[in-house]
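Report on the structure
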Amino acid sequence: KAGVTQTPRYLIKTRGQQVTLSCSPISGHRSVSWYQQTPGQGLQFLFEYFSETQRNKGNFPGRFSGRQFSNSRSEMNVSTLELGDSALYLCASRSGDFYEQYFGPGTRLTVT
Amino acid sequence: QKEVEQNSGPLSVPEGAIASLNCTYSDRGSQSFFWYRQYSGKSPELIMFIYSNGDKEDGRFTAQLNKASQYVSLLIRDSQPSDSATYLCAVKGEAGTALIFGKGTTLSVSS
């Protein structure tokens, strides 16, 4: 079974721009969660989508948003990028019946 | 604020020894506990999960859970240099489905 895939793997953006990241979960998994990982803060939960509905949201500003499509693929959008948004953005999927989450390779975002 | 605490390390052990990694959590109602391994420059990889008090073994890995003490640990037997990585403890709280992660313990196994 193929794992979680994320595109793009690397991204360089300028302050003030916006960015969209994509995640395809493991086949059959209906839940997708997004996390931000930085050296100082570690792994922090952004939000979770299940069957196209946002189920949970972490403590991030409204510039961070997401959505999920009917095929369970998910996108995350960050508007008005700030230097502090530079991070590894990780997507994780789970089946919905269990809580074990499996991570994709991540998207490394650099904001200059 | 729900928290998961880990000693950042580094924890250094010789090859063949037992590595013991520890984690405490603040949400007494937490139900599910996970250990992830993260190599430098890579994404976290799920290596163990445990839901009930006691021990759970999988190969060289043993996860131990003590809900009364709000403590979960990971033992790695016969440590190998390839085990050198950062180990992340994650907890699912009583409410919601989000995982709360500790900041990880760096393990270094020397040959």
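Scroll up to find the structure this text is about.
About the thresholds
- Numbers given for residues are sequential positions, taken from 1 along each chain in its written order.
- As they are written, the chains are lettered A onward and the ligands numbered 1 onward, keeping that order.
- It should be noted that, the model being predicted, local features are given only for residues of pLDDT at least 70 and side-chain atom pairs only at 80 or more, the latter also being counted only at that level, while totals for whole chains, interfaces and linings use all residues.
- By convention in this description, side-chain values take in all heavy atoms of the structure and omit both hydrogens and water.
- Only buried residues count toward a nonpolar core, which is a set of Ala, Val, Leu, Ile, Met, Phe, Trp, Tyr and Cys residues joined through side-chain atoms within 4.5 Å.
- The cut-offs for exposure are 20% and 50% of the maximum accessible area for each residue type, with area from a 1.4 Å probe on protein chains only; residues under the lower value are buried, those over the upper are exposed, and the others partly exposed.
- A run of H or I in DSSP becomes a helix once it reaches four residues, and a run of E becomes a strand once it reaches two; helices and strands are each numbered from the N terminus.
- Definition used for salt bridges: Asp or Glu carboxyl oxygen within 4 Å of a side-chain nitrogen of Lys or Arg.
- Pairing between two strands requires that DSSP report at least two bridges joining them.
- Whether two aromatic rings pair depends on their centres lying within 6.5 Å, for rings of Phe, Tyr and Trp, where Trp uses its six-membered ring; planes under 30 degrees apart make the pair stacked, over 60 edge-to-face, and the rest tilted.
- Put simply, a charge is over a ring when the Lys NZ or the Arg CZ is close to the ring centre, within 6 Å, and near the line of the ring normal, within 35 degrees.
- Every axis in this analysis is a line fitted to C-alpha atoms, fitted for helices over the stretch in contact. Angles between the N-to-C directions lie between 0 and 180 degrees.

**A word on the nonpolar core**
Counting 23 residues, the largest nonpolar core has Trp35(B), Val72(B), Leu74(B), Ile76(B) and Tyr87(B) as the members making the most contacts within it. Elements supplying a minimum of two residues to this core: strand E3 (19–25), strand E4 (32–38), strand E5 (45–50), strand E7 (61–66), strand E8 (71–76), strand E9 (85–92) and strand E11 (105–110) of chain B. If you look at the next biggest cluster of nonpolar residues, it comprises 21 residues, including Cys23(A), Leu46(A), Leu81(A) and Tyr89(A).

**Some points on the pattern of salt bridges**
Following the criterion strictly, the structure yields nine salt bridges over all chains and no others. In this structure, Glu48(A) and Arg94(A) form a salt bridge, with 3.0 Å as the shortest nitrogen-oxygen distance. Of this pair, Glu48(A) sits in strand E5 (residues 42–50) while Arg94(A) sits in strand E9 (residues 87–94), and the two are 46 residues apart along the sequence. Judged by relative accessible area, which is 1%, Arg94(A) ranks as buried. A salt bridge links Lys2(B) to Asp27(B); the nearest nitrogen and oxygen atoms lie 3.8 Å apart. You can see Lys2(B) sitting in the segment before strand E1 (4–5) and its partner Asp27(B) sitting in the loop between E3 and E4, a full 25 residues away along the chain. A relative accessible area of 40% places Lys2(B) in the partly exposed class. Among the charged side chains, a salt-bridge network with shared partners connects Arg63(A), Glu82(A) and Asp85(A).

**Quick word on the pairing of strand E7 (residues 64–68) of chain A**
All names here are of chain A. Pairing analysis gives five bridges linking E7 to strand E8 (residues 74–78), with the strands arranged antiparallel. Within E8, the position partnered with Gln68 by the bridge is Ser74. If you look at the hairpin formed by E7 and E8, you'll find five residues sitting between the two strands, and Ser72 has a positive phi there, around 75°.

**Considering the packing of aromatic side chains**
Within this structure, the stated rule accounts for 11 aromatic pairs over all chains. The interplanar angle of 75° and the centroid separation of 5.7 Å between the aromatic rings of Phe47(A) and Tyr49(A) together place this pair among those described as edge-to-face. Accessibility assignment for this pair places Phe47(A) and Tyr49(A) in one class, buried. On the numbers, 6.1 Å between centres and 75° between planes, the contact of Phe34(B) with Tyr51(B) is edge-to-face. Taken together, the residues Phe34(B) in strand E4 and Tyr51(B) in the loop between E5 and strand E6 (54–58) connect sequence positions 17 residues apart. Taken together, the ring pairs in this structure connect Tyr35(A), Phe45(A), Phe103(A), Tyr36(B) and Phe101(B) into an aromatic cluster. Seen from the ring of Phe50(A), Arg55(A) lies directly overhead, with NZ or CZ sitting 4.0 Å from the centre. Seen from the ring of Phe49(B), Lys56(B) lies directly overhead, with NZ or CZ sitting 3.6 Å from the centre.

**Details of the sheet that holds E7(A)**
All names here are of chain A. The four strands lie next to each other as E1-E3-E8-E7, forming an open sheet whose pairing is antiparallel. In this open sheet, the two strands that pair with only one neighbour each are strand E1 (5–7) and E7. Averaged over all pairs of adjacent strands, the angle between strand axes in this sheet comes to 20°, irrespective of strand direction.

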